[in-house]
Amino acid sequence: MKRAIGLLLWATLCCLSIPAWAQHKGESLGQQAQESLAQKNYTRARVLFQQAYEAYAADARYREAVACGVQAAALYHRENDYKAAFALLYGIERMLVSQGQRVGETLPALRYAVTRERLRMYIKLRKSGSAKEQLDKLAEWEQTAQTDSLETDLLYAQANYCYSFGRNSEGDAALDELVKRYAAQKDYAKAEACYREMISMGRRTGNSNLMAKAYDRYMHWHDSIQQVMAQARYDTLQAQYDAVQQTIAQKDDALDTRSRTVAALCVLALILAAGLVAGGVVLMRFVALSRKQQKDIRTAREHDALKTQFIGNISAQMRPTLDTLDGSQPGVQALKDFTAHIEQLSALEKSLDQPYELSEINVATFCEEIMNEIRGTTKADVTLTVNAPKLMVRLNEEHTAVILRHLLHNAAIHTPAGGKIWLDFKKRGAHTHQFVVSDTGCGISMEARESLFKPFNGVRDLTQGDGLGLPICALEATKMNGYLSLDTEYTKGARFVLELHA
């Protein structure tokens, strides 16, 4: 059993290796045949070409097989063994017909090569009719293949046929078309090779008429092409000269441009230098002015600090005297409140750079508690509303309450019966939130808005309020890294916005 399996594997490997061996054999035989042909050992070359053809055919490499087979047939008819040559070409064509039927194609390019070799043999045998049939077949294969190289080769075959059988005018037309194509491609070497091949063919076949005709046309073409080539060389030199002149002109333009650029840069440098000098003078004046302004600012701050200290000292000195007076009198109580506010304002101004401590509070509970403090202080039927979510917020509860309490107290004073007061909380960012106090009272006049948060902005009847409540609230907001503002777009009363940044 094991022996049978081993034999089966060996047979399988042999079958798989046959195509690779045939391929290698065909290439090797073809290379040896080319070497023999180069050494003019025609018989050996013919045998090797035929063996290479058979090897390629066995491997279904039909393009290489046809090339080698046609070469072998050419060498047969070189030895005047036309029977063997025709037989070999017949076998090649049968192979191509069979393959064409399998793939559903006529393989025109490959059959063109076989037909061309038959044409050469019929021309050499001087069989005009048979040669004409092969020439017509060549034209059919060329039309089917639609290949530029076959179209050029067909013109050469037509010229060869016509000159060989005395149809010189037709041969001239074919040769002229062939040369015209090469000339259009500026491939003068191939055009010259066509003429030389015609002369050589006339010499080989003993056709003196063909040889004379081809030589005469070659000389005429050679003279004309020399003029064309001379003109082409002249045109090339002229183009080179024009290019050099253009380059020189471009360099001259570039030099002129650079000269103008350098001149412009020099002028610009002078302008910049003058500008720098002027700028230096202006800068010196600005520095001097800035120093004076800084000095004035320092002096103003010192005076403001002295003023604040002076006011605070006066308040402190007034308090013992005020404490001896009857607090039930409105004027005395107003003076006490005024003194307390001045001390509070002075303390805030001195401690603005000392922030308050923050803590987490429930903003909904906080807002409800602040709003409850003014219940009972409002006029009849005033609606109190709180819009605040149950949210933990980081702020200073005590001083935020001071500001909101003052704003709500003012709203309660100025909101008529049946009005509304509401406190809203709005989250504006991860660390930014707003408290908004709105009412439907009389609002704030345009004249009062300009100095609303400024202390000591006029002479007042202290029994009607000292006007320091909002300035104190504004300083409290500043110390909590925020600000207090009036919403000027709200027109149904007054609306204050306290924005804090945690």
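Quantities reported herein were computed from a predicted structural model and do not represent experimental measurements. (Residues numbered from 1 in each chain as written. Predicted model: local features only at pLDDT ≥ 70, side-chain atom pairs only at ≥ 80, totals over all residues. Heavy atoms only, no water.)

Undergrad: Is there a simple way to explain the overall build of the protein in this structure?
TA: Helix and strand content of the protein: 15 helices and seven strands. The proportion of buried residues among the 502 residues of the protein is 35%. For the protein, the share of sequence-separated contacts (at least 6 apart) that also reach a separation of at least 24 residues comes to 63%. Total accessible area on the protein stands at roughly 30400 Å², and carbon and sulfur atoms take up 56% of it. (Helix = DSSP H or I, 4+ residues; strand = E, 2+ residues; numbered from the N terminus. Buried < 20%, exposed > 50% of the residue type's maximum accessible area, 1.4 Å probe, protein only. Contact = heavy atoms within 4.5 Å. Areas by Shrake-Rupley, 256 points an atom, 1.4 Å probe, with all protein chains shown as cover.)

Undergrad: Looking at this structure, how should I read empty space enclosed by the protein?
TA: Gaps left between atoms show up when a probe the size of a water molecule is rolled over them. In total, this model carries two cavities of 30 Å³ or more according to the counting rule given. Volume-wise, the largest cavity comes out at about 60 Å³. As for the largest cavity, its lining consists of Leu-358, Arg-394, Leu-395, Asn-396, His-433, Met-480, Leu-500, His-501 and Ala-502. Among the elements of the structure, β3 (392-395) and β7 (495-501) are those that each provide at least two residues to the lining of the largest cavity. Considered class by class, the residues forming the lining of the largest cavity number five nonpolar, three polar and one charged. Looking at the lining of the second largest cavity residue by residue, the class counts come to four nonpolar, two polar and three charged. (1 Å grid on protein atoms, 1.4 Å probe; cavity = no way out; pocket = protein on both sides within 12 Å on 5 of 7 lines; lining within 4 Å. Points joined across faces, edges and corners; volume = space filled by probe spheres on them. Nonpolar A, V, L, I, M, F, W, Y, C, P; charged D, E, K, R; others polar.)

Undergrad: How do you make sense of the pattern of salt bridges when you look at a structure like this?
TA: Two side chains bearing opposite charge may form a pair once their charged atoms approach each other closely. The tally for this structure, following the rule as stated, stands at 11 salt bridges. Among the ionic pairs, Asp-136 bridges to Lys-132, the shortest N-O distance being 2.7 Å. Of the two residues, Asp-136 and Lys-132 are both situated in helix α6 (residues 128-145); the distance of four residues between them amounts to about one turn of the helix. What makes Lys-132 partly exposed here is its relative accessible area of 29%. (Salt bridge = Lys/Arg side-chain N within 4 Å of Asp/Glu carboxyl O.)

Undergrad: What am I meant to see in the packing of aromatic side chains here?
TA: Each pair of aromatic rings is reported with the distance of its centres and the angle of its planes. In the structure shown here, the tally under the stated rule is five aromatic pairs. When the centroid spacing of 6.4 Å and the interplanar angle of 90 degrees are considered together, the rings of Phe-453 and Phe-496 count as edge-to-face. Of the two residues, Phe-453 is situated in the loop between α14 (446-449) and α15 (469-479) and Phe-496 in strand β7; the sequence distance between them amounts to 43 residues. Looking at Phe-496, the relative accessible area reads 9%, which means it is buried. Taking NZ or CZ as reference, Arg-78 lies 3.6 Å from the ring centre of Tyr-42, over its face. (Phe/Tyr/Trp six-rings, centres within 6.5 Å; stacked < 30°, edge-to-face > 60°. Lys NZ or Arg CZ within 6 Å of the ring centre and 35° of its normal.)

Undergrad: Help me out: how do you make sense of the sheet that holds strand β2 (residues 383-387) in this one?
TA: Within a sheet, each strand pairs with its neighbour through backbone hydrogen bonds, oriented either parallel or antiparallel. The mixed open sheet is built from five strands, whose spatial order is β2-β4-β5-β7-β6. The two strands at the open ends of the sheet, each matched to only one other strand, are β2 and β6 (482-486). Going across the sheet, the axis of each strand differs from the next one's by a mean of 10 degrees, ignoring polarity. The pairing of β6 with β7 spans five bridges and is antiparallel. By the bridge assignment for β7, Gly-482 is matched with Leu-500. (Pairing = 2+ DSSP bridges. Axes fitted to C-alpha atoms, helices over the stretch in contact; angles between N-to-C directions.)

Undergrad: What's the story with the packing of helix α5 (residues 108-124) against helix α7 (residues 148-164) in this structure? I'm lost.
TA: Packed helix pairs are characterised by how far apart their axes lie and by the angle those axes make with each other. Where α5 meets α7, the axes come as close as 11 Å, and the angle between the chain directions of the two elements is 15 degrees. Between α5 and α7, the angle falls in the class roughly parallel. Two packed elements cross with a definite hand, and for α5 against α7 that hand is left-handed. Across the interface between the two elements, Ala-109, Tyr-112, Arg-116, Leu-119 and Ile-123 of α5 pack against Leu-150, Asp-153, Leu-154, Ala-157, Asn-160, Tyr-161 and Ser-164 of α7. (Parallel < 35°, antiparallel > 145°, perpendicular 65-115°, else oblique. Left-handed = near helix turned anticlockwise from the far one by under 90°.)

Undergrad: Sorry, what's going on with the pairing of strand β5 (residues 432-439) here?
TA: The side chains of a regular strand alternate between the sheet's two faces. A large share of β5 lies buried, amounting to eight of its eight residues. Here β5 shows a buried face lined by Thr-432, Gln-434, Val-436 and Ser-438 and a second buried face lined by His-433, Phe-435, Val-437 and Asp-439. As defined by bridge partners, strand β4 (residues 420-427) adjoins β5 across seven bridges and the pair is classed as antiparallel. What sits directly across from Ile-421, in β5, is Asp-439. Alignment of β5 against β7, held across seven bridges, turns out to be antiparallel. Note on β7: the bridge partner recorded for Val-437 is Phe-496.

Undergrad: So what exactly am I meant to see when it comes to helix α2 (residues 42-58) here?
TA: In an α-helix there are 3.6 residues to a turn, and that puts residues three or four apart on one side. For α2, which comprises 17 residues, the first-to-last C-alpha distance of 24 Å matches the rise-based estimate of 24 Å (1.5 Å per residue) to within 8%. Within the sequence span of α2, burial applies to Ala-45, Arg-46, Leu-48, Phe-49, Gln-50, Ala-52, Tyr-53, Ala-55 and Tyr-56. Just downstream of α2 lies Ala-60, where phi reads positive at about 60 degrees. (Expected span 1.5 Å × (residues − 1).)

Undergrad: How do you make sense of a negative patch on the surface when you look at a structure like this?
TA: A cluster of acidic residues, Glu-368, Glu-369, Glu-397 and Glu-398, forms a negative patch at the surface. Within the residue set of the negative patch, elements represented by two or more residues are α12 (363-372) and α13 (397-414). Inspection of the secondary structure puts Glu-369 in helix α12. (Patch = residues over 30% accessible without salt bridge, like charges linked within 9 Å, V, L, I, M, F, W, Y side chains within 5 Å. Lys, Arg positive; Asp, Glu negative; His and termini not counted. Charge placed at Lys NZ, Arg CZ, Asp CG, Glu CD.)

Undergrad: Honestly, the nonpolar core in this entry has me stumped. Any pointers?
TA: Soluble globular proteins: nonpolar side chains tend toward being buried together. Phe-366, Leu-404, Phe-435, Leu-484, Phe-496 and Leu-498 are the most contacted members of the largest nonpolar core, which totals 44 residues. When residues in this core are grouped by element, the largest group, seven residues, is from α13. Ala-33, Phe-49, Ala-52 and Leu-75 belong to the second largest nonpolar core, which has 29 residues in total. (Core = buried A, V, L, I, M, F, W, Y, C linked by side-chain atoms within 4.5 Å.)

Undergrad: What's the story with the environment of Glu-151 in this structure? I'm lost.
TA: Among the secondary structure elements, Glu-151 is positioned in helix α7. Spatially, the C-alpha atoms of Glu-151 and Leu-178 are 9.4 Å apart, while their sequence positions differ by 27 residues. Residue contacts for Glu-151: discarding those within four places in its chain leaves Glu-142 and Arg-181.

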